[in-house]
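Coordinate analysis (summary)
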Amino acid sequence: MIIAIEGIVLCALFTLPVWFCHDKRFVIKGTEDMVKDYHDYWFHIKGFFIGEALALAVCALSGVIVQFVL
């Protein structure tokens, strides 16, 4: 349950602000013609879930090492 809450909070913390940063001050120089890509929200959501899966795997591995090896 805590992992689900943590995942939702992290998603909101790192994904939602990107949706509201469409001001010209936040656009990286040289990418001004990539307006369509700046509005691609699925990229950020998909990256969040991939990162969560990798973090879960690393945490599980370190937990097993601590439990049985150390």
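Residues numbered from 1 in each chain as written. Predicted model: local features only at pLDDT ≥ 70, side-chain atom pairs only at ≥ 80, totals over all residues. Heavy atoms only, no water.

Turning next to the overall build of the protein chain. Looking only at helices and strands, one finds 4 helices and 0 strands in the protein chain. Each helix and strand of the protein chain, placed in order from N terminus to C terminus, yields the pattern α-α-α-α. Residue burial in the protein chain is summarised as follows: out of 70 residues, 10% are buried. For the protein chain, the computed accessible surface area is about 6200 Å², with 76% contributed by carbon and sulfur atoms. (Helix = DSSP H or I, 4+ residues; strand = E, 2+ residues; numbered from the N terminus. Buried < 20%, exposed > 50% of the residue type's maximum accessible area, 1.4 Å probe, protein only. Areas by Shrake-Rupley, 256 points an atom, 1.4 Å probe, with all protein chains shown as cover.)

Our next topic: a nonpolar patch on the surface. On the surface, a cluster of nonpolar side chains totalling about 770 Å² of accessible area is made up of L61, V64, I65, V66, F68, V69 and L70. Residue L61 is classed as exposed on the basis of its relative accessible area of 53%. (Patch = residues over 30% accessible without salt bridge, like charges linked within 9 Å, V, L, I, M, F, W, Y side chains within 5 Å. Salt bridge = Lys/Arg side-chain N within 4 Å of Asp/Glu carboxyl O.)

With that settled, consider helix α4 (residues 41-68). A rise of 1.5 Å per residue sets the reference length of α4, with its 28 residues, at 40 Å; its end C-alpha atoms lie 41 Å apart and thus fit the reference within 8%. Buried residues of α4: I45, F48 and E52, and no others. (Expected span 1.5 Å × (residues − 1).)

For F48, the position within the fold is in helix α4. Put simply, F48 and L10 are 38 residues apart on the chain and 8.3 Å apart in space, counted from C-alpha to C-alpha.

Attention now moves to a negative patch on the surface. A grouping of E32, D33, D37 and D40 is seen on the molecular surface, where their side chains present a negatively charged patch. Mapped onto the secondary structure, D40 falls in the loop between α3 (35-38) and α4. Overall, the relative accessible area of 35% leaves D40 in the partly exposed class. (Lys, Arg positive; Asp, Glu negative; His and termini not counted. Charge placed at Lys NZ, Arg CZ, Asp CG, Glu CD.)

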